[in-house]
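Inside the fold
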Amino acid sequence: MDEQALLGLNPNADADFRQRALAYFEQLKISQDAWQVCAEALAQSIYSDDHIKFFCFQVLEHQIKFKYSELTEVQQQLIRETLITWLQAQMLNPQPEKTFIRNKAAQVFALLFVTEYLTKWPKFFFDILSVVDLNPRGVDMYLRILMAVDAELVDRDVVHTSEEARRNTLLKDTMREQCIPSLVESWYQILQNYQYNNSELTCQCLEVVGAYVSWIDLSLIANERFINMLLGHMSVEVLREEACDCLFEIVNKGMDPIDKTKLVESLCQVLQSAGLFSIDQEDDVDFLARFSKLVNGMGQALIASWTKLIKNGDMKSAQDTLQAIEAKVALMLQLLIHEDDDISSNIIGFCYDYLHILKQLSALSDQQKANVEAIMLAVMKKLTYDEEYNFENEGEDEAMFVEYRKQLKLLLDRLAQVSPELLLASVRRVFNTTLQNWQTTRFMEVEVAIRLLYMLAEALPVSHGAHFSGDVTKATALQDMMRTLVTSGVSAYQHTSVTLEFFETVVRYEKFFAVEPQHIPTVLMAFLDHRGLRHTSPKVRSRTAYLFSRFVKSLNKQMNPFIEDVLNRIQDLLELSPPENGYQALLSSDDQLFIYETAGVLIVNSEYSAERKQVLMRNLLTPLMEKFKVLLEKLMMAQDEDRQMALADCLNHAVGFASRTSKAFSNKQTVKQCGCSEVYLDCLQTFLPALSCPLQKEVLRSGVRTFLHRMIICLEEEVLPFIPSASEHMLKDCEAKDLQEFIPLINQITAKFKTQVSPFLQQMFMPLLHAIFEVLLLPAEENDQSAALEKQMLRRSYFAFLQTVTGSGMSEVIANQGAENVERVLFTVIQGAVDYPDPIAQKTCFIILSKLVELWGGKDGPVGFADFVYKHIVPACFLAPLKQTFDLADAQTVLALSECAVTLKTIHLKRGPECIQYLQQEYLPSLQVAPEIIQEFCQALQQPDAKVFKNYLTGILPESEALRKVLESHVPVSIIQNSGC
């Protein structure tokens, strides 16, 4: 071997050596016999370096995985002997191999097993067992090999082909017949030998039993000798966690419901008599987490049995199973309420399914009602934050608690389905008790009381948030709690979790303020002062900005008395923070967007006259325009790039804020009706000069472009005079991304104004295309995937533009570009339909071709177009589906084929018998298509139902290899290559 290259395997080697090692590995993979060098190195223990040993196993792994069928019988035998020799050496070496080498070796053994077991090595396991016997190192490898084999056969995380899945099924069937009983016996012997003197091997063996039990005969494991041994392990501290997991897998095994109930009950009796149900006496939380998972498995197994028995009509056995379930509820509750959230989380599935049973019963017993109440109290208690929760810097532990809370919410929702009255009464009791003394109550208890009220909205759902009408009891209870929430003063509680929960809840129950509008000023003040938008915590300020926006929108006309006061109070929050003053604004620019939107909503939805609305909107937007002009001048003079970026961002924010205010307008309250057109036209005139700024073009253009999108919607025709100049600036010195973002703007204008913008489109059509082609023709690095993706997206945008133009009935925009340009455009569409393996673009291209045939393909179409149809569009419809890259397993490709069929149907529709005659007598015969296939094709094409032809095309074209070869020689490649797309 190349000793110098092997030096690069060391993790501490420098980059050059590592690169050389990688290249050497690739070289050995390609080599015919290099693997034999590696096999010899392993069999004879030539190298002591761990990384070289691992490397040798990798080479063997590659050989078995990809080249095994190419080896001779002798070479295959050599690989088998190498592995067995290496295994024998493990028991003699003074030191065991590192774990990562043993794991890799096990993977190689497993690969050889799946390759050879059915044909050449049926005694695979017996050969290994004869080598390892009960030697601890040998047993360790044997167990690792078993886990690797299981991973190859049943690991659901590994995606297998259908062929591999069939092979795996056959392997498992053969193993069940030939060797599983012997393997199980070996596991028993290992457990018996090592349970008291080698906990590591015992745990490994228990893991193997747990893995295999899901697909072998359960009676081999679920018998007296095995179960007694496992239960014995439950009392041994170093074994009990693994024994728990093993019992869980046994319980989880699919079987007859009555047998399952008996199995679970017998296990429970033994576990209970061993004292394992006494949770309060156990302080090992790791074990309890595993035990909780086991109890959850047993509970869910019993519930699954009950469901099957009910379905089968066996009411007697179902009743016995239900009693067995009820007997576990006390233990379930102990685990659910446990202070450790992992232990509690592991039992939630059983709890949830138990409630599902209760939901199905016609009436609940007193004990079942008590169980429901106990679960409810447990959920309420467990929802509570603990003292260690870090609200300002949430990490992994906090994220896990948030997930755990989501699980508890699902339980609460299920409780509501079982007994909504009890849930409502329980929440009301906790809420009222807590809020009466909130000043002296710990934050987590106050937070959870408000949280429970918040959660009731989803637990007791109504349509359109109408919680305060309909059911009088429920409406009254919720109304009372909301009144208490907003009048108790709890919004002043000095903890961010309580503050946020307060605002979340008032927004969720916004309909309350329609019933009791007298509380609106109180809540508005909470939003506007130090409790909300001016809170010391940035997190609270940020969330409140969003919630305030929602609150104002939901109240609509009820905000009328407070509009001017609110606008005055938020004035300082609307200020555009210039980059140079270093002042840390209360709100981020993203948060300010919500405040601007809120201000716009207040003005637009008010009952003021159009004149008053205009004044207020001008007051809102004028400071932005003034700041914008000043900042743009500063940017033009800025030398430092960091300062340029800061100024450009600030300018972008100004445009974004103005844009956001326009979201307040609707079909009923248009810009014109509110008298605000003039203000927004002024904004346009202020912002458009930024497009000619040579600095930070991408940022500035992006902001102005977004504003133009909004103005097309809001100002409609009034925006049109600004479009030509804006377009001209945006097409200067543009890159792929600029064009991608500019084209949707042109598409929006085209689709909205259609013929109104035809002169403008005709004028800018070729400049836009030249800009696109220029970018597409730029050379790029061969492996630059980012550049390739940008070009692909730009091509899609280009074709989307042509689709918009043709689809808006403005084909004259293309037709008036001169014959040479028209031809060039048409060839780019043909190329897009055929040449690029991008089904999204192909689909669009066929839509364009179909539309052009519909518009121009008749007798009065443009001169030469009919000729183009037959020479280029028809061949494209055949060639595209015949491409190797045209994959009908992909949904987008299926859509592309559908549009291809529509194109051919449209040609037939427009050209009639002439089209059929051309296909029958000229085109298809030239491709050497058999006469009966030509006849069949033309008949399908003439069917009135387009689906018939599409299905026919799907069946015939992609499979026609002969047709592909003939057709490829007929395509005018040179013309397409010169089209520039």
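Since the structure is predicted, the reported quantities are computational estimates derived from the model, not experimental observations. (Residues numbered from 1 in each chain as written. Predicted model: local features only at pLDDT ≥ 70, side-chain atom pairs only at ≥ 80, totals over all residues. Heavy atoms only, no water.)

Re the overall build of the protein chain
When you go through the protein chain residue by residue, the secondary structure sums to 48 helices and 0 strands. The C-alpha extent of the protein chain, read off along each of the three principal axes, is 90 × 90 × 65 Å. Across the 981 residues that make up the protein chain, the buried fraction comes to 51%. Within the protein chain, contacts between residues separated by at least 24 positions form 73% of all contacts whose residues are at least 6 apart in sequence. For the protein chain, the accessible area works out to roughly 44,600 Å², and carbon and sulfur atoms hold 51% of it. (Helix = DSSP H or I, 4+ residues; strand = E, 2+ residues; numbered from the N terminus. Buried < 20%, exposed > 50% of the residue type's maximum accessible area, 1.4 Å probe, protein only. Contact = heavy atoms within 4.5 Å. Areas by Shrake-Rupley, 256 points an atom, 1.4 Å probe, with all protein chains shown as cover.)

Quick word on the environment of F548
With respect to the helices and strands, F548 occurs in helix α28 (residues 538–555). A relative accessible area of 0% places F548 in the buried class. In this structure, the C-alpha to C-alpha distance between F548 and F594, residues 46 residues apart in sequence, is 8.1 Å.

Here we look at the confidence of the model for the protein chain
Averaged over every residue, the pLDDT of the protein chain is 90; the share at 70 or more is 94%. Every residue in residues 971–981 scores below 50 in pLDDT, and together they form 25 contacts with partners more than four places removed in sequence or on other chains. (pLDDT = per-residue confidence, 0-100.)

Some words on the pattern of salt bridges
Scanning the entire structure with this criterion turns up 49 salt bridges. One connected set of salt bridges, linked through shared partners, spans D50, K53, E97 and K98. (Salt bridge = Lys/Arg side-chain N within 4 Å of Asp/Glu carboxyl O.)

Re the side chain of S677
The residue S677 is located in helix α33 (residues 677–687) in this model. Residue contacts for S677: discarding those within four places in its chain leaves V671, K672, L715 and E718.

Some points on unusual backbone geometry
If you check the backbone angles, E716 has positive phi at about 50° while not being a glycine. Mapped onto the elements of the fold, E716 is located in the loop between α34 (697–715) and α35 (723–730). Given a relative accessible area of 34%, E716 falls into the partly exposed group. A positive phi angle, near 45°, is found at K754, a position not held by glycine. Within the secondary structure layout, K754 lies in the loop between α36 (736–753) and α37 (758–776).

Quick look at a negative patch on the surface
A grouping of E735, E781, D784 and E790 is seen on the molecular surface, where their side chains present a negatively charged patch. Here E735 is to be found in the loop between α35 and α36. According to the relative accessible area criterion, E735 is exposed, its value standing at 55%. (Patch = residues over 30% accessible without salt bridge, like charges linked within 9 Å, V, L, I, M, F, W, Y side chains within 5 Å. Lys, Arg positive; Asp, Glu negative; His and termini not counted. Charge placed at Lys NZ, Arg CZ, Asp CG, Glu CD.)

What to know about the side chain of R144
By secondary structure assignment, the location of R144 is in helix α8 (residues 136–154). A relative accessible area of 15% places R144 in the buried class. Among the polar contacts made by the side chain of R144, one reaches the side chain of N103 at a distance of 2.8 Å. Among the polar contacts made by the side chain of R144, one reaches the side chain of D140 at a distance of 3.0 Å. If near-sequence neighbours (up to four positions away) are discounted, R144 is found in contact with T99, R102, N103, A106 and Q204. (Polar contact = N/O pair within 3.5 Å; in protein donor to acceptor, adjacent residues only side chain to side chain.)

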